Amino acid sequence: MKSTSARLLQLLSLLQTRKDWPGADLADRLEVSPRTIRRDVDRLRDLGYPIQATMGTGGGYQLGAGAALPPLLLDDDEAVAVAVGLRTAAQGGVSGIEETSVRALAKLLQVLPSRLRRRVDALGTFTVPMPGEGPSVDSATLTLVASACRDSELLRFDYERHDGSTGRRIVEPHRLVSHGRRWYLVSWDTDRDDWRTFRLDRMRPLTPTGPRVPPRDPPERGVAAYLADRMNLHMWPIKARVRLGVSAETAMEGPAARHGVIEAVDEHSCVLLCAGEDLVGMACYLAMLDVDMEVEEPAELRAEMGRLGERLSRMGGSSRRTPGV
């Protein structure tokens, strides 16, 4: 039998993972009686946690918002992780929370034990932040979309496309993904009846959200793999098909696999399906693959590769000097 304090912490952790919990489910998870769950809920309320109860067949418990922040219990690693996260947030990436992050970090450092403060101070003292380029996400948008994912609520928003035009979208939000300085929403698009990915810095959410919908199973290979495929091929306006003079197995072990999808042709060649935002950038990263290749399509990329080759040849020729002259 777990101690009361350990059981309370586990109960609190469960209440934080879902919007509502049937009492019977909580009792099964904690291996106690529904009566014990009711007593533990009362204990948490006495500690300041605003737990709401709904009676009846479909009733249960819900951790709500209170008038004040209740006490937080963090172990050593959690405290350091929060401090590191606040320091990172203060450096940008999500707009509107930089100053708030600094204030919260100062309060946390004030109460950290000396052994933990030294770890956090060392990270701050010997780390040089380098401002990154790229769009930042509004913190209100980030929290609203995250809440819609958590509660399985329909999300409506205006979305700016690559060409600058704007359209209204209605989706079932599934997961947020952070990649570099950008945030993406992986969701089920109700109009297109398929999974789609959206950049949060291009979204303008409309409130209120809702209604709630049953959660969908994630994309077949998982959210991260789905987003990687979208970023390699579907999210860019220029699509290309490039024949590589190596086997698919060799290509998969090299940098080519990071730029797109590899399709086997025979034991000596394969095809790279890739995409990009501009022809010059695509020509440059293809040239850096250092393998024999032929651009099958589009013709514009093939021409750009030829121009790049001519420029590099001129640059290489102008630097040659005859020994002794």
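Our subject is the structure listed above.
As the structure is a prediction and not an experimental result, all values here were calculated from the model.

The next point concerns the sheet that holds strand β12 (residues 269-276). The strand order across the open sheet built from 4 strands is β11-β12-β10-β13, with neighbouring strands paired in antiparallel fashion. A single partner strand is all that each edge strand has here, and the edge strands are β11 (260-266) and β13 (293-297). Pairs of neighbouring strands in the sheet enclose a mean axial angle of 25°, with direction left out of account. In terms of strand pairing, β11 meets β12 through 6 bridges, oriented antiparallel. If you follow G260 over to β12, its bridge partner there is C274. Its contacts with the sheet place helix α10 (residues 279-287) against β10 (238-244), β12 and β13, and it is angled at close to 145° to β12.

Pairing between the strands of a sheet comes from backbone hydrogen bonds, and it takes one of two forms, parallel or antiparallel. Strand order in the open sheet formed by 5 strands is β8-β7-β6-β5-β9, with antiparallel pairing between adjacent strands. Bordering the open sheet on either side are β8 (194-199) and β9 (203-206), each of which pairs with just one other strand. Taken over all neighbouring pairs, the strand axes of this sheet differ in orientation by 50° on average, direction set aside. Direction of pairing for strand β6 (residues 166-179) relative to strand β7 (residues 182-189): antiparallel, over a ladder of 8 bridges. Its bridge partner being in β7, E172 is matched across the sheet by W188. Packing against the sheet, helix α7 (residues 139-151) makes contact with β5 (155-160), β6, β7 and β9, and its axis sits at approximately 85° to β6.

Membership of the largest hydrophobic core comes to 21 residues, with the highest contact counts inside it found for V242, L244, L272, C274, L286 and L301. Where this core is concerned, the elements lending two or more residues are β10, α9 (248-252), β12, α10 and α11 (299-318). Contact partners of L301, with chain neighbours within four places excluded, come to A240, L279, M282, A283, L286 and V295. Among the nonpolar cores identified, the runner-up in size contains 16 residues, and L8, L11, L12 and Y49 belong to it.

Looking now at the environment of M252. Mapped onto the secondary structure, M252 falls in helix α9. The class of M252 is exposed, set by a relative accessible area of 51%. Sequence separation of M252 and E263 is 11 residues, and the distance between their C-alpha atoms is 9.7 Å. Filtering out sequence-adjacent residues up to four positions away, M252 remains in contact with A257 and I262.

Bringing the packing of aromatic side chains into the picture now. Under the criterion given, the structure shown has 4 aromatic pairs. Consider the rings of F157 and F198, whose centres lie 5.1 Å apart with planes at 75°: the pair is edge-to-face. One end of the pair, F157, is in strand β5; the other, F198, is in strand β8, and 41 residues separate them in sequence. For the pair formed by F157 and F198, the shared burial category is buried. Relative to F198, the ring of Y159 has its centre 5.0 Å away and its plane inclined at 80°; by these criteria the two rings are edge-to-face.

Reading the values: the criteria
- Just so you know, the residues in each chain are numbered from 1, in the order the chain's sequence is written.
- At least 70 in pLDDT is required for a residue's local features to be given in this predicted model, at least 80 for side-chain atom pairs to be given and counted, and no such filter applies to totals for whole chains, interfaces and linings, which use all residues.
- Values shown for side chains rest on all heavy atoms present in the structure; no hydrogens or waters enter the calculation.
- We call two strands paired when DSSP finds no fewer than two bridges between them.
- Numbered from the N terminus, helices here are DSSP runs of H or I no shorter than four residues, and strands are runs of E no shorter than two.
- A fitted line through C-alpha atoms serves as each axis, taken over the contacting stretch for helices, and the angle formed by two N-to-C directions is quoted from 0 to 180°.
- Whether two residues are in contact is decided by their heavy atoms: any pair within 4.5 Å suffices.
- Joining through side-chain atoms within 4.5 Å is the link that ties buried Ala, Val, Leu, Ile, Met, Phe, Trp, Tyr and Cys residues into a set, and such a set is a nonpolar core.
- Accessible area is worked out with a 1.4 Å probe on protein chains only. A residue is then buried under 20% of its type maximum, exposed over 50%, and partly exposed in between.
- Aromatic rings from Phe, Tyr and Trp, taking only the six-membered ring of Trp, are treated as a pair when their centres fall within 6.5 Å; an angle between ring planes under 30 degrees marks them as stacked, one over 60 as edge-to-face, and anything in between as tilted.

Everything listed here is a matter of coordinates, which is why it stays silent on function.
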